[in-house]
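Structural overview
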Amino acid sequence: MSVDVAIVGLGYVGLPLAQEASHVGLKVLGFDIGQRVVDGLNAGASHVDDLSDADIAKMLEQGFEATTDASRLAEAKTIVICVPTPLSADGGPDLGPVIAAVNTIRDNLKPGMLVILESTTYPGTTDEVVRPILEETGLKAGTDFHLAFSPERIDPGNEQFGAKNTPKVVGGHTPACGDAAAAFYGQFVDTVVRAKGTREAETAKLLENTYRHINIALVNEMARFCHDLGIDLWDVIAAAKTKPFGFQAFYPGPGVGGHCIPIDPNYLSHNVRARLGYPFRFVELAQEINAGMPSYVTSRAQNLLNLDSKPLRGSRVLLLGVTYKPNIADQRESPAVPLAKALADKGAVVQYHDPHVPDWTAANGSASRAEDLETAVSTADLVILVQNHREYDVDALAARAQRFFDTRGVAAPGEKVSRL
């Protein structure tokens, strides 16, 4: 085995992992089914926000290479699965990418290998889905090869915590499997946390994101009734977070996005319903509240235009920032998409501006790009700050706008400025 680790899936999770492993001298092979991704990486070009072209060039110098040749996986001592786990059309888990990756690994599995699943999924996936496929080879997990789950904790755009200094949770199919996975990550991750088993490690990830999902829903619902009661929720949160214990600040917004919050809790909720026959009510209520925020923002936009005796139909509405987080290009599950669609469905002429998104294909024609920011702001009937990128001088933009709706609570109060 000439490769220390093969990483399957070279996206926001797999690529930072490959970087850290390369930095400590491990021979890293990246596998992806996307030829364009592989060709770009081998040419020194990054396609994710957290790594620059210079970072990729350094990895190549350290021996990293990317490939679409699945047979190369047979060269690896360890294989880590970092593929997406989206939702299916019915809102349940779509394990298609995971199963495809595991089938590919099965065809190249060798005795003594360590296989780790990092893709977020429902409890039991590692043991009930991954293990049986790999054991079709006749090799047994925990005896002939090691099997473990270690949830990814990548936070795109986070300048403080990355793959190296974020504690790594590890749960093995057997204690020996857990030992092998902990030893692997311990080579390049500062802190490894041992979970009892794969199910505990799988559930830990879901608990982390469900906690955030529910608390975001709480403040989103408070945003609605605080507005109706004439209470400044942003001031309320600022006051509450001065308490040095027992409180963590969460903030309202136009919805939730990204690769975790809108998806992972649904994996847990779906699993509870399928296995136990009853609902996970907190998760389902949080999903209802958070999914309804784009519609609520649209209603608020209509009311704000009414203040200027303008109907939403035919009015020019400019969306500022359409990614799911500030200062990155990641658009996964961005609430800007349903917001643009809801506004367009009501007849608004929707434009968008985002310094990180030159072509917003996810909008599916609901919004056109505004090339000149200042002109677009001054000519729009309503400007909605959807994402607060550092490139935006929000107060200057709000001063230029005819009417400004701030969904992120960053604009200074003003006659023409309203906050969520």
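Everything below is about the structure shown above.
Description of the structure in this document. Numbers given for residues are sequential positions, taken from 1 along each chain in its written order. Residues qualify for local features only when their pLDDT is at least 70, as the model is predicted, and side-chain atom pairs are given and counted only at 80 or more; totals for whole chains, interfaces and linings, by contrast, use all residues. Each side-chain value is worked out from all heavy atoms of the structure, with water and hydrogens disregarded.

1. What to know about the pattern of salt bridges
The rule for a salt bridge is simple: a side-chain nitrogen of Lys or Arg has to be within 4 Å of a carboxyl oxygen of Asp or Glu. Taken as a whole, this structure holds 28 salt bridges when the rule is applied. The shortest N-O distance in the salt bridge between R316 and D381 comes to 3.6 Å. Placement of the pair is R316 in strand 9 (residues 316–320) and D381 in the loop between helix 13 (373–379) and strand 12 (382–385), with a sequence separation of 65 residues. Accessible area is worked out with a 1.4 Å probe on protein chains only. A residue is then buried under 20% of its type maximum, exposed over 50%, and partly exposed in between. A residue is classified by how much of its surface remains accessible, and R316, at 42% relative accessible area, is partly exposed. Comment: elements are numbered from the N terminus, with helices defined as DSSP H or I runs of at least four residues and strands as E runs of at least two.

2. Topic: the sheet that holds strand 11 (residues 368–369)
The six strands are arranged 11-10-9-12-13-14 in an open sheet whose pairing can be described as parallel. A strand with exactly one partner marks an edge of an open sheet, and here the two such strands are strand 11 and strand 14 (417–419). By the bridge criterion, three bridges tie strand 12 to strand 13 (residues 404–406) in an arrangement that is parallel. Bridged to L385 within strand 13 is D406. By definition, two strands form a pair when at least two bridges between them are found by DSSP.

3. Overview of the sheet that holds strand 4 (residues 76–81)
What the eight strands build is an open sheet, ordered 3-2-1-4-5-6-7-8; its pairing is mixed. Either end of the sheet is taken by a strand with one partner, and the two such strands are strand 3 (65–67) and strand 8 (192–194). Averaged over neighbouring strand pairs, the angle between their axes works out to 25 degrees when direction is ignored. Judged from the four bridges that link them, strand 4 and strand 5 (residues 114–117) form a sheet pairing that is parallel. If you follow I81 over to strand 5, its bridge partner there is L117. Taken strand by strand, helix 4 (residues 96–106) contacts strand 1 (3–8), strand 2 (28–31), strand 4 and strand 5, and its axis lies near 170 degrees from that of strand 4. Axis definition: a line fitted to C-alpha atoms, limited for helices to the stretch in contact. Angles are taken between N-to-C directions and run from 0 to 180 degrees. By definition, residues are in contact when any of their heavy atoms lie within 4.5 Å.

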